[in-house]
Amino acid sequence: MTEPPHALSLDERRRLAMPGVERTLIGRHPVSPQDELRSIIAELDGLDGSDDSTWDRYGDGGPVAALEGQVATLLGKPAAVMFPSGIMAQQSTLRVWSDRLGSRRIAIPALSHLLLHEQDGPRLLNGFEWALLTTGAMNGGVVPTVDHLAAIPGELGAALLEIPLRDGGYLLPSWEELEAFSLACSDRGVPLHLDGARIWESVPYLGHSPAEIAALADTVYVSFYKGLRGLAGAVVAGPEDVIAEARLWRSRHGGTLWTMLPYAVSALRGLREELPRMAEYHARAVEMAELLAAKGIRTFPTKPHCNAFRIFVESPGDVVTERVVTVMEREHLAVTPRWGDSEDVPGWSWTEFTVGSATMEWSAQEAVDLLARVVLT
Ligand SMILES: Cc1ncc(COP(=O)(O)O)c(C=O)c1O
């Protein structure tokens, strides 16, 4: 006997409703695996006739080489190497720096992806030790500054900045703070590595090109499946010799795949189609935050630093999630991700909202009216 829907958990109801979703307000519209692969084939057809459309073999040649070349140029770095994942990319890069510097101690914000989402792998697999630049509450955290770096005594193998700091609320430093941090690292002889999973999304707020941002760091990791809507994959750009060594660590970590072609082609598509839209997405996020505030709905940051931000409402997380899931079931419309209870303010809950191509199909006012109808009723 099938159970009535109310006997299911909210997560189960959400999972069941997901395939029926026809429109979404967040990020990009859902796409079937068949349509996604067709779109990647169309991108590959567009490369036809050049070496870029042949297979890479163990990461050499084909669209992988084309992607590495494009990213190195975009970031103004001499060399770049593709990895299957950002987790592997950053461990490999930090391993190179820390071996060179003779210290596995990495200065890092406590809200970094490496500390929160990697199951302690960087420490267990590569022996990294963490020198925490900032602790920071999940809601309203702070980004590291030169003072935080100066407060860490002793040897360091590298310093890492995540731009934007996702678990701090997608927070960015100002351009001046970033420049000062970079200078402090070079004065101290510490390589600066950027976790630029969302560097593309950071460009409008920082007001500088990816190459100008990357010039402040020694190595930069970028991702292709956040704002750029790729399948997966990462690239690290930096000096020739560091990148050559990172390539060795990719093999040692088991990441030199027989081919990464579909991932590389999806990344090339993202650079072509989504990268030019980042300013538009950021402007829409700022506009939506203002309109939400006018309805009494709080965002953090008040003025978003990139295309993603947090929304807060004065109701428990399950209550708001229940409203969101009901709209998914009845209207085939995804309005927000799941909501979680606020750790700081009892009775309040929050979620992350990301502006992407799907969001742009609504006007800012329509999007905010829809959000308010669902989360406040
Ligand atoms: C800030 C940040 N760094 C690193 C990663 C790791 O990337 P991957 O999932 O490709 O391993 C992510 C993934 O979400 C991320 O958000």
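In what follows, the structure referred to is the one given above.
Here we summarise the structure given alongside this text. (Residues numbered from 1 in each chain as written. Predicted model: local features only at pLDDT ≥ 70, side-chain atom pairs only at ≥ 80, totals over all residues. Heavy atoms only, no water.)

**Focus on the site of the ligand**
Heads up, the condition is: Each residue is tested against the molecule or strand, and it is near if at least one of its non-hydrogen atoms lies within 4 Å. The definition of a polar contact used here is a pair of N or O atoms within 3.5 Å, where within protein one atom must be able to donate a hydrogen and the other to accept one, and adjacent residues in sequence count solely through side-chain atom pairs. Methods summary: accessible areas were calculated by the Shrake-Rupley approach with a probe of 1.4 Å, and residue burial reflects only the protein chains presented. Helix numbering and strand numbering both begin at the N terminus, where a helix is a DSSP run of H or I of at least 4 residues and a strand a DSSP run of E of at least 2. For this classification, the nonpolar set comprises Ala, Val, Leu, Ile, Met, Phe, Trp, Tyr, Cys and Pro, the charged set comprises Asp, Glu, Lys and Arg, and every other residue, Gly included, is treated as polar.
Close to the ligand lie Ser85, Gly86, Ile87, Gln90, His113, Glu162, Asp195, Ala197, Arg198, Tyr221, Tyr225 and Lys226, which account for all nearby residues. Take isoleucine 87: an N or O atom from its main chain is 2.8 Å from an oxygen atom of the ligand. Separating a nitrogen atom of the ligand from a side-chain N or O atom of aspartate 195 is a distance of 2.8 Å. Starting from 390 Å² of accessible surface for the ligand in isolation, the protein chains cover 89%. A total of 3 residues in the shell around the ligand trace back to one element, the largest contributor, which is helix H4 (residues 86-101). Looking at the shell around the ligand residue by residue, the class counts come to 4 nonpolar, 4 polar and 4 charged.

**Observations regarding the pairing of strand S6 (residues 192-196)**
Threshold: Partly exposed describes any residue whose relative accessible area lies between the buried limit of under 20% and the exposed limit of over 50%, with all areas from a 1.4 Å probe on protein chains only and scaled to the type maximum. A strand pair is defined by DSSP finding two or more bridges across the two strands. Orienting the strands away from the viewer, one traces the path from the first strand over the helix to the second; a clockwise path indicates a right-handed crossover.
Counting buried positions along S6 gives 5 out of 5 residues, so the element sits mostly inside the fold. As defined by bridge partners, strand S5 (residues 158-162) adjoins S6 across 4 bridges and the pair is classed as parallel. Among the inter-strand pairings, alanine 159 is bridged to a residue of S6, identified as leucine 192. This β-α-β element, S5 to helix H8 (residues 175-188) to S6, shows right-handed connectivity. Here S6 pairs with strand S7 (residues 219-223) via 4 bridges, running parallel. Across the sheet, the residue bridging to histidine 193 is threonine 219, located in S7.

**A look at the nonpolar core**
How we decide: Take the buried residues of types Ala, Val, Leu, Ile, Met, Phe, Trp, Tyr and Cys, join any two whose side-chain atoms come within 4.5 Å, and each joined set is a nonpolar core. By convention here, the domain bounds are inherited from an automatic or database domain assignment. In what follows, a contact means two residues having at least one pair of non-hydrogen atoms within 4.5 Å.
Counting residues in each nonpolar core, the largest one holds 75 residues, and the members touching the most others are Leu67, Leu75, Trp200, Val222, Phe224, Met288 and Phe353. Here the element with the most residues in this core is helix H15 (residues 364-376); it accounts for 8 residues. Both domains that furnish three or more residues to this core are identified here as domain 1 (5-30 + 276-376) and domain 2 (36-273). Residues contacting methionine 288, with those up to four places away along its chain left out, are Phe309, Phe353, Val355, Thr359, Ala364, Ala367, Val368 and Leu371. By size, the runner-up hydrophobic cluster in this structure holds 22 residues, among which are Phe83, Met88, Leu160 and Ala234.

These values are about where atoms sit, not about what they do.
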